[in-house]
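Close look at the chain arrangement
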Amino acid sequence: MGIHVLSLVTEPMSLADAVLGEIFFVSHVVAPPGAPEWAQQLADIGFIAGERVALMARGVPGGDPLVVRVGLSTFALRLAEAACVHLASPDTETAR
Amino acid sequence: MNEAVIHLYRGGPLLALVGNPNCGKTALFNLLTGSRQKVANYAGVTVERKEGKFTTPAGKALRVLDLPGTYSLHPRSPDERVTHDVLYGRAIGERRPDLVVCVVDATNLRRSLRLVLAVKRLGLPCVVALNMVDLAQARGVTVDAEALTRELGVPVVHTVGVEGGGDAALRALLDETALWRRSSSVVAGIGGPPVHATGADHEAVRGILQRLGLDELIPHALSDRIDRVVLHPVIGPLLLAAVLFLIFQAVFAWASAPMDAIKAATEWLGATIGAILPDGWFKSLLVDGVIAGAGGVVVFLPQIVILFFFILVLEESGYLPRAAFLLDRLMGGVGLSGRSFIPLLSSFACAIPGIMASRSIANPRDRLVTIMIAPLMTCSARLPVYALLIGAFIPRRDLWGMLELQGLVLFGLYVAGIAGALAVAWILKRLTARAQVRTLMMELPSYHLPTLRNVGIGLWQRVAIFMKRVGGVILVLTILLWFLASFPAPPMGATGPAIEHSIAGILGRALAVVFAPIGFNWQISIALVPGLAAREVAVSALGTVYALSATGNDTAQALAPLIAQDWSLATALSLLAWYVFAPQCLSTLATVKRETGGWTMPFVMAGYLFALAYLASFVTFRVAWALGAAG
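What you see is a predicted model, and the numbers here were worked out from it, not measured in a lab.

Turning to the overall build of chain B, a few remarks are in order. In terms of helices and strands, chain B carries 26 helices and 10 strands. Going through the 631 residues of chain B one by one, you find that 49% of them count as buried.

For chain A, the helix and strand inventory stands at 4 helices and 5 strands. Along chain A, helices and strands appear, N-terminal first, in the series α-β-α-β-β-β-α-β-α. For chain A, the proportion of its 96 residues judged to be buried stands at 41%. Long-range pairs, those at least 24 residues apart, make up 58% of the contacts in chain A with a sequence separation of at least 6.

This next bit is on helix 25 (residues 586–596) of chain B. Each α-helix winds once per 3.6 residues, and so residues spaced three or four apart point in a common direction. All names here are of chain B. Of the positions making up helix 25, those classed as buried are T588, L589, T591, V592, E595 and T596. Down the axis of helix 25, the buried side of the element spans an arc of 160 degrees, and every buried residue falls inside it. Downstream of helix 25 by a residue or two, G597 has a phi angle that is positive, lying close to 70 degrees.

Note on interface size: it is often stated as the accessible area lost on association of the parts. Contacts between the two partners involve 29 residues from chain A and, on the opposite side, 24 residues from chain B. Secondary structure elements with two or more residues in the side of chain A that touches chain B: helix 2 (38–44), strand 2 (52–58), strand 3 (66–70) and strand 4 (73–77) of chain A. Ranked by the residues each element gives to the side of chain A that touches chain B, the list is headed by strand 4 of chain A, at 5 residues. Tallied by class, the residues present in the side of chain A that touches chain B amount to 14 nonpolar, 9 polar and 6 charged. Sheet analysis places strand 4 of chain A next to strand 10 (residues 442–443) of chain B, joined by 2 bridges and oriented antiparallel. Bridged to F75 of chain A within strand 10 of chain B is E443 of chain B.

Here we take up the sheet that holds strand 4 of chain A. Pairing is antiparallel in the open sheet, where 6 strands are placed in the order 5(A)-1(A)-2(A)-3(A)-4(A)-10(B). Pairing within the sheet leaves two strands with one partner each, and these edge strands are strand 5 (85–88) of chain A together with strand 10 of chain B. Across 4 bridges, the pairing between strand 1 (residues 23–29) of chain A and strand 5 of chain A is antiparallel. Looking at the pairing, H28 of chain A lines up with H86 of chain A of strand 5 of chain A.

Within the secondary structure layout, R359 of chain B lies in the loop between helix 15 (351–357) and helix 16 (364–373). Between the C-alpha atoms of R359 of chain B and V156 of chain B, which are 203 residues apart in sequence, the distance is 32 Å.

The biggest cluster of nonpolar side chains holds 188 residues, and the ones touching the most others in it are V68 of chain A together with L17, C102, V104 and A129 of chain B. If you tally residues by element for this core, the top one is helix 24 (residues 569–581) of chain B, at 10 residues. When residues of this core are assigned to domains, at least three map to each of domain 1 (14–218) and domain 2 (469–626) of chain B. Ignoring any residue separated from it by four or fewer positions in sequence, one finds C102 of chain B in contact with V18, G19, L115, V116, V119, C126, V128 and A129 of chain B.

In this chain, D64 of chain A is followed by P65 of chain A through a cis amide linkage whose omega measures 0 degrees. Within the secondary structure, P65 of chain A sits in the loop between strand 2 and strand 3. Its identity as a non-glycine residue notwithstanding, M132 of chain B has a phi of 60 degrees, on the positive side. For M132 of chain B, a count of 29 C-beta atoms within 10 Å corresponds to the buried category. Even without glycine at this site, M441 of chain B takes up a positive phi of about 35 degrees. Here M441 of chain B lies in the loop between helix 18 (405–432) and strand 10.

Residue and element names in this part refer to chain B. Relative to the 18 Å expected for 13 residues at 1.5 Å per residue, helix 24 spans 19 Å between its end C-alpha atoms, a close match to the ideal helical length. Every buried residue of helix 24 is listed here: A570, T571, A572, L573, S574, L575, L576, A577, W578, Y579, V580 and F581. Contact partners of the buried residues in helix 24: helix 17 (383–393), helix 18, helix 21 (522–531) and helix 26 (600–626).

All names here are of chain B. Looking at chain B, the pLDDT average stands at 81 and 87% of residues meet or exceed 70. Of all the helices and strands in chain B, helix 23 (residues 555–566) carries the lowest mean pLDDT, 69, while strand 5 (residues 99–105) carries the highest, 93. Across residues 1–7 the pLDDT falls below 50, and counting only partners more than four positions away or on other chains, this stretch makes 17 contacts in the model. When the criterion is pLDDT under 50, residues 551–556 qualifies, and its contacts beyond four places in sequence or with other chains add up to 16 contacts. Both scores are available for the predicted complex, with the pTM at 0.78 and the ipTM at 0.85.

For the rest of this paragraph, the subject is the packing of helix 24 of chain B against helix 26 of chain B. Residues and elements named next belong to chain B. Relative orientation of the contacting elements helix 24 and helix 26 amounts to 160 degrees, with a least axis distance of 8 Å. In terms of axis orientation, helix 24 runs roughly antiparallel to helix 26. As for the relative orientation of helix 24 and helix 26, their crossing is right-handed in sense. Mapping the contact onto sequence places L569, A570, L573, S574, A577, W578, V580 and F581 in helix 24 and L609, L612, A613, A616, S617, T620, F621, A624 and W625 in helix 26.

Residue and element names in this part refer to chain B. Packing of helix 3 (residues 109–120) against helix 7 (residues 198–211) brings their axes to within 9 Å, and their N-to-C directions diverge by 120 degrees. Considering the angle they form, helix 3 stands oblique to helix 7. As helix 3 packs across helix 7, the resulting crossing turns out to be right-handed. Along the contact surface, helix 3 presents L109, R110, L113, R114, L117 and A118, while helix 7 presents T198, D201, H202, A204, V205, I208 and L209. Here the contact of helix 3 with helix 7 is built from residues that sort into 8 nonpolar, 2 polar and 3 charged.

Turning next to the confidence of the model for chain A. Here chain A shows a mean pLDDT of 81. Residues at 70 or above account for 80%. Within chain A, no element has a lower average pLDDT than helix 1 (residues 5–10) of chain A, which sits at 45, and none a higher one than strand 3 of chain A, at 93.

We now examine the pairing of strand 5 of chain B. Residues and elements named next belong to chain B. Burial analysis of strand 5 places 6 of its 7 residues in the buried class, which makes it a mostly covered element. Inspection of the sheet shows strand 1 (residues 14–19) paired to strand 5 by 5 bridges, in the parallel sense. Of the residues in strand 5, the one forming a bridge with V18 is C102. Relative to strand 6 (residues 126–131), strand 5 runs parallel, the two being bridged by 6 bridges. When the bridges of strand 6 are listed, V103 appears paired with A129. Handedness of the crossover joining strand 5 and strand 6 through helix 3 is recorded here as right-handed.

Right, let's get into the environment of M442 of chain B. By secondary structure assignment, the location of M442 of chain B is in strand 10. Sequence separation between M442 of chain B and F325 of chain B is 117 residues, and the spatial gap between their C-alpha atoms is 8.3 Å. Contacts of M442 of chain B, omitting those with residues within four sequence positions, involve F75 and A76 of chain A together with P321, A324, F325, G338 and R339 of chain B.

Okay, the environment of L244 of chain B next. Relative to the helices and strands, L244 of chain B is located in helix 9 (residues 235–253). It is 38 Å that separates the C-alpha atoms of L244 of chain B and V116 of chain B, two residues lying 128 residues apart in sequence.

Definitions and cut-offs
Residues numbered from 1 in each chain as written. Chains lettered and ligands numbered in written order. Predicted model: local features only at pLDDT ≥ 70, side-chain atom pairs only at ≥ 80, totals over all residues. Helix = DSSP H or I, 4+ residues; strand = E, 2+ residues; numbered from the N terminus. Buried ≥ 20, exposed ≤ 12 C-beta atoms within 10 Å, placed from the backbone. Contact = placed C-beta atoms within 7 Å. Arc of directions from axis to C-beta. Nonpolar A, V, L, I, M, F, W, Y, C, P; charged D, E, K, R; others polar. Pairing = 2+ DSSP bridges. Core = buried A, V, L, I, M, F, W, Y, C linked by C-beta atoms within 7 Å. Domains from an automatic or database assignment. Expected span 1.5 Å × (residues − 1). pLDDT = per-residue confidence, 0-100. Axes fitted to C-alpha atoms, helices over the stretch in contact; angles between N-to-C directions. Parallel < 35°, antiparallel > 145°, perpendicular 65-115°, else oblique. Left-handed = near helix turned anticlockwise from the far one by under 90°. Right-handed = clockwise from strand over helix to strand, strands pointing away.

Listed below in structure tokens is the structure:
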């Protein structure tokens, strides 16, 4: 990604690409084919549509794993796990 | 560990505490039951089973089960599977609870209440303990228990798990008989697959919180501030290194005084009893066998207590998962995840709790690798062996004015174990971890000040387990060794120490053939046999062997100069190398068998560790010999 500027605007952003410290809302969770169980597991720990999330810190070195806030809880997630969580911007959420 | 199981307290209705991890459930359990709790395992799995008993204000005697924390009723680890099975009445040998107490973190209702809704659907009588209300209040969140009772349709009471009397409302509530009647209206989910209603539950919880005016998110500001330091890319790892260094420093520095006291007490007891009893086999058994043997093991109790104290404090405070986070990348290099850090850290005290702690690793391959390398972490049982050999063979000498040679050698042995573990994990990664998807999803709970009660109870349980081991396996083996080393008595007119004619002497000589290439004499070879059961026994075994070889009573004192005279430096170094790797602990192998559900893995483990130990000793011995350490 990143070649077409347009696609950046329309493509839903995932939690893995979120800006540090900025608040977002979960739009939906998509598990990778190799780990279908992640969808339920992520939902169990709070990644449910409409829930407030934020990226708190990135691990060193390599920016993996991540520390994320979901609702009131804090979790360490792998980059690949965070990439399953698709985000909606705050504006979309208030429109709900 | 104690493997006796199930229904430890007879009679009385059974409660189960259910809640998210880190909701203060175990603190509440400790508060309810005090010291009246028993720790064992669930049938067939090494998931810790904690049962306790207590009485209500009206005098009703109740049993309570502290179920492993879970986020939902969709289990993802062996721990969560137990909670699921017990609640559905499917756990082997477990009675389905008569009542469920949902422990809810008042500072994080959004997540906790989802689990309450799922538990409610089980149809079991259910109450909600709104825990940590003090912390919620401090954050400006006041939860109206009555309003929540109306919303949830189950009784809700306030509790504070970390405060004496914080469980009063819950105790009083349990006296209401109407509470215990099983409702016949809701039985959804029983028998069938669990209802996947996470999204709907989430909406329901949002509605409830909105109506109660609690839908505002107020994060724990202090935790966030601490995390900015603890998880800082530069400061965080430095802080972790400092913490680990401090722990190991404390284990050695603080433990020396109580260890000396225990050693002195054992020697005094041996000498006193030796003076009272008439000479003969009974005196020999008691003094050389029981007192010298058990005393040599009880000596590490202070180190185990100190190490576990730190682990418990770090666990209670919420730091351990952060440490795991910081180390995740590093562990990833050898194919493991940060989750393996906590089991491996525990293994420095003892591999058994370490292996048991591996149950929190959801990935089966990672869990198995963690189990396989756990014995390479230098457990406290190896310390007496190291201490004896280093004291006898390594001179006390300052290096570069600040480092001490003996300490440096000890540090080197720890490093050798860790390096060995990393190498094994790396090789296993090459062989088995191709295209692995590894799940982390690890909660970093809010920081809490550890409470004296919870750390105290945790320590007490570990001390009890250790002492049971001393009282059981180790004592029996020490006595058995004494017997083997004392009989048959030497023939009339025989020269040399009596032990050379005993069964142990003959066995030792046979084994010495195998161990001669790595520099072990027959005394070492024979001490390795009981040392199979538990490493620390090797010291007392050497003590027994040499005590029965000579005529003195004070084995512990005499042993160091005796071996310094008897062995070459190459032999001593070879034995040190042996101890870094050798799988000399039957309890560990037994735990591995339970954990992996078969004999394959314990055999693989014993085999590879023996091979590694023999190789390391062989190389050490030959190199040391070539360098002139023969004298």
